[in-house]
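Single-letter residue listing:
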Amino acid sequence: MQFPGRDGDEAAAAPASSVDALALAASFIAQLPLAVLIIDRGVVAAANPAATEAAAAHGGSFEHLILEAGDQVRRTAWTAPDGSTFEVVSLPPTARSGGERDPLTGLPTRNHLLDQLRADATVRTDVLNVLVFDIDQYSVVSQTVGYQGSDELLRHIATAVARVAPTASRLARIGDDTFCLAFRSDETTDADRVAAEIRDAARQPVTVQGRTVRVTASVGSSLGFKGTAIEQTVHEAELAKQEAGRRGGNRCVTYTASLRETQEGMMRLWNALRSAIQFRQMEVWFQPIVSLATGRPIAAEALCRWHHPNFGDVAPGEFIPIAERNSEILNIGAFVQERATEIMSMIRTSRSYRAGDFQITINASANELAWPRFGEQFLARLKAVESLPEWFVIETTEKALAQRDDAVAHNIRVLREAGVAVSLDDFGADYASIERLRELPVDRVKIDRRFISHLLDNERVDQTVEAAVALAQELGMRCIAEGVETNEQAARLRAMGCAAAQGFLFAPAVPDTELLDVLRDLSNAGDHRHW
């Protein structure tokens, strides 16, 4: 998708204002067959007809549409001829579901499925069982096997599920990797049995593009009784499917009223996020990272905290995933970066604390790293406050680094060449393997707290951590353990050769106003620690 911009043709002359720029963008996307939105400072400013149709077909707002599309949403930045910057959000081709048949699998689309179910309801009154399912970690699988491999996998899933589908059932593809199976039965236990068969079918290994792929599926289940709108039953199954994914995937969740409350709560948080920074509801706290050799602090991780006047303290695990589904994560990220650079300047100019090689670690999400010129903008922010790149670490996940995105590779390269270290966060939490470390463009590795919590009572975990530390040393990476809570854990990690650690054993996350005092206390206590 190529938008008219600064280097575009002469017909796209520089508009007089950002309003003109927005009109230019709106006129361009109106011609596109895909569902596309223009986001301006976190708000949907324009939508093309395909997006409007998709929102109507999904029975919700644009925000619901983006939430349901999940990580299949494609986001790019567009700088208009006048310098205004907007976020362009492209939704999966199947979000529109305008035709009757999906061209890839030959299955009915969402709209056609709904038409079929409405027609069935005129002659059958028994219970409608609706199962909506998708492939866990599909974006990761897609990045691994490529677009052609992804298409092969989706066709295989469609065929495999069709084989186990009950007689007279309806199977459709209603999203990029999302399918819906609907059938009528007065035996409510049939839904559980069929859901298990779907998961079994998805788990079977399949060869795509010359490699064997094994996937799992998250399934959401809902029951539609006489008088219940078909669209409502399907939407309830989708909510249940999303909850199955949030619980780790490879499971089936049945819809309950509380799930709708959860979804509505997410929408309330989403709306509140847009003004959280403006109304000074967010703060940046810092958790020290200490050297296991000396016990002295060598870094601190910047962590965002949100206190809402009505919701109270909102955990990062609640609002960060929501922010990552829209451009608000960019605003939050910029806020954290600015505060972190201010605190680093304070530390460096303090007469009561010798900073030495002290660094501040800042988290960057997949969406931030995929934002064009993220690296250059971060370095410009450092230069503006006369901070050096080597004073900072950008911490991100393997999922972010594994993206097949030129912008991600460019941003990582720009940061590392300037002297900013890149750290792999939560190693072991998802699908990372020890050998995978050799392929990742990182300077340090942070071992996930779930490994550390079982370090002393599980021999296999102990061996895995020791192997990871050894490989990190071999590759010249610094290894950091998070979630260290006992002296025994710290002693074992030090014996393995782990360089540093963070956790309640040393200090919890503290407000920026308390950080200097905590760093001084840790420095003074460092020589007296016995591990």
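Here goes a summary of the coordinates provided. Each chain has its residues counted from 1, running along the sequence as written. pLDDT decides what is reported in this predicted model: residues at 70 or higher carry local features, side-chain atom pairs at 80 or more are listed and counted, and totals for whole chains, interfaces and linings draw on all residues regardless. Hydrogens and waters are ignored; side-chain quantities use all the structure's heavy atoms.

## Some details on the pattern of salt bridges
Now for step 1: One speaks of a salt bridge when a side-chain nitrogen belonging to Lys or Arg is within 4 Å of a carboxyl oxygen belonging to Asp or Glu. Evaluation of the coordinates by the stated rule reveals 24 salt bridges.
Now for step 2: Here glutamate 238 ties to arginine 110 by a salt bridge, and the two come within 2.4 Å at their closest N and O atoms. Placement of the pair is glutamate 238 in helix H7 (residues 230-246) and arginine 110 in helix H4 (residues 110-121), with a sequence separation of 128 residues. Grouping residues by exposure puts glutamate 238 and arginine 110 together as buried.
Now for step 3: Ionic pairing is found between aspartate 448 and arginine 450, a salt bridge with its closest N-O pair at 2.9 Å. Working definition: helices are DSSP H or I runs of at least four residues, strands are E runs of at least two. Numbering for both runs from the N terminus. Throughout this description, buried means an accessible area under 20% of the type-specific maximum (1.4 Å probe, protein chains only), exposed means over 50%, and partly exposed covers the range between.

## Let's talk about the packing of H7 against helix H8 (residues 257-276)
Now for step 1: Two elements in contact, H7 and H8, have axes separated by 10 Å at closest approach and are oriented at 75°. It follows from the interaxial angle that H7 and H8 lie roughly perpendicular. On H8, the residues touching Gln232, His235, Glu236, Leu239, Ala240, Gln242, Glu243 and Arg246 of H7 are Leu259, Arg260, Thr262, Gln263 and Met266.
Now for step 2: Split by residue class, the contact of H7 with H8 holds four nonpolar, five polar and four charged. Fitting a line to C-alpha atoms yields each axis, with helices limited to the stretch in contact; the angle taken between N-to-C directions then spans 0 to 180 degrees. Angle categories are assigned with fixed cut-offs, so that under 35 degrees is roughly parallel, over 145 is roughly antiparallel, 65 to 115 is roughly perpendicular, and the rest are oblique. Contacts were defined at the residue level, with two residues in contact if any of their heavy atoms lie within 4.5 Å. For this scheme, ten residues count as nonpolar: Ala, Val, Leu, Ile, Met, Phe, Trp, Tyr, Cys and Pro. Four count as charged, namely Asp, Glu, Lys and Arg, and the remainder, Gly too, count as polar.

## A closer look at the packing of aromatic side chains
Now for step 1: Classification of ring pairs rests on two measures: the distance between centres of Phe, Tyr or Trp rings, Trp counted by its six-membered ring, which must be within 6.5 Å, and the angle between planes, read as stacked under 30 degrees, edge-to-face over 60 and tilted in between. By the definition in use, this model includes four aromatic pairs.
Now for step 2: Relative to phenylalanine 358, the ring of tyrosine 353 has its centre 6.3 Å away and its plane inclined at 85°; by these criteria the two rings are edge-to-face.
Now for step 3: The buried category is assigned to phenylalanine 358, whose relative accessible area is 1%.
Now for step 4: The interplanar angle of 90° and the centroid separation of 6.2 Å between the aromatic rings of phenylalanine 378 and phenylalanine 392 together place this pair among those described as edge-to-face. Placement of the pair is phenylalanine 378 in helix H12 (residues 374-384) and phenylalanine 392 in strand E16 (residues 392-396), with a sequence separation of 14 residues. When sorted by exposure, phenylalanine 378 lands in the same class as phenylalanine 392, which is buried.
Now for step 5: Positioned above the aromatic ring of tryptophan 391, the side-chain terminus of arginine 348 is 4.3 Å from the ring centre. The criterion is that NZ of a Lys, or CZ of an Arg, lies within 6 Å of the ring centre and within 35 degrees of the ring normal, and then a charge sits over that ring.

## Topic: the sheet that holds strand E11 (residues 252-254)
Now for step 1: In this description, strands pair whenever DSSP reports at least two bridges between them. Across the sheet, which stays open at both edges, the five strands sit in the order E6-E7-E5-E10-E11 with mixed pairing between neighbours. What marks the edges here is a single partner per strand, and that holds for strand E6 (170-173) and E11. Geometrically, the sheet is characterised by an average inter-axis angle of 20° between neighbouring strands, direction not taken into account.
Now for step 2: Here strand E5 (residues 128-135) runs beside strand E7 (residues 178-184); their pairing, made up of seven bridges, is antiparallel. Counterpart to leucine 131 in the pairing with E7 is leucine 181.
Now for step 3: Most of the contacts of H4 go to E6, to which it runs at about 160°, and overall it touches E5, E6 and E7.
Now for step 4: Strands in contact with helix H5 (residues 138-164) are E5, E6 and E7; relative to E5, the strand with the most contacts, it is inclined by about 150°.

## As for the side chain of glutamate 368
Now for step 1: Within the secondary structure layout, glutamate 368 lies in helix H11 (residues 366-369).
Now for step 2: Despite its burial, glutamate 368 pairs with no opposite charge; the closest candidate is arginine 381, at 7.9 Å N-O.
Now for step 3: Once you skip the residues sitting within four places of it in the chain, glutamate 368 turns out to touch Ile329, Leu330, Gly333, Gln337, Asn363, Phe374 and Asn411. We score Asp and Glu as negative and Lys and Arg as positive, and we do not count His or the chain ends.

## Description of the pairing of strand E19 (residues 478-482)
Now for step 1: Taking burial as the measure, the five residues of E19 include four buried ones, the bulk of the element.
Now for step 2: Note: strand E18 (residues 444-447) against E19, four bridges, orientation parallel. Within E19, the residue paired with isoleucine 447 across the bridge is alanine 481.
Now for step 3: A crossover gets the label right-handed when its path from the first strand over the helix to the second runs clockwise, viewed with the strands pointing away from the viewer. Crossover E19 to strand E20 (residues 500-502) through helix H17 (residues 487-496) is right-handed.

## Notes on the nonpolar core
Nonpolar side chains tend to gather and get buried jointly when the protein is soluble and globular.
Now for step 1: Ile360 and Leu493 are the most contacted members of the largest nonpolar core, which has 95 residues in total.
Now for step 2: Tallying contributions element by element places helix H10 (residues 328-349) first for this core, with nine residues.
Now for step 3: Non-local contacts of isoleucine 360, meaning those with residues more than four positions away in its chain, are made with Phe286, Ala300, Ala302, Ala340, Ile343, Met344, Trp391, Phe392 and Val393.
Now for step 4: With 28 residues, the next largest nonpolar core counts Val145, Ile157, Val161 and Ala191 among its residues. Put simply, a nonpolar core is a bunch of buried Ala, Val, Leu, Ile, Met, Phe, Trp, Tyr and Cys residues held in one set by side-chain atoms that sit within 4.5 Å of each other.

## Regarding the environment of arginine 450
Now for step 1: Within the secondary structure, arginine 450 sits in helix H15 (residues 449-453).
Now for step 2: For this analysis, a polar contact is any N or O atom pair within 3.5 Å, provided that within protein one partner can donate a hydrogen and the other can accept it, and provided that sequence-adjacent residues contribute only side-chain to side-chain pairs. Here aspartate 448 takes part through its side chain, which lies 2.9 Å from a polar atom of the side chain of arginine 450.

## Some remarks on the pairing of strand E10 (residues 217-224)
Now for step 1: A large share of E10 lies buried, amounting to seven of its eight residues.
Now for step 2: Relative to E10, E5 runs antiparallel, the two sharing eight bridges. Opposite phenylalanine 133, over in E10, you have valine 219 as the bridge partner.
Now for step 3: As paired strands, E10 and E11 are joined by three bridges and run parallel to one another. The residue bridging glycine 220 from the neighbouring strand is valine 253, located in E11.
Now for step 4: The parallel pair E10 and E11, bridged by H7, forms a crossover whose chirality is left-handed.

## Looking at unusual backbone geometry
Now for step 1: Unlike most non-glycine residues, arginine 280 shows phi in positive territory, near 55°.
Now for step 2: Note on placement: arginine 280 falls in the loop between H8 and strand E12 (282-291).
Now for step 3: Given the relative accessible area of 76%, arginine 280 is considered exposed.
Now for step 4: The phi torsion at arginine 373 lies on the positive side, around 65°, for a residue other than glycine.
Now for step 5: Its place among the elements puts arginine 373 in the loop between H11 and H12.

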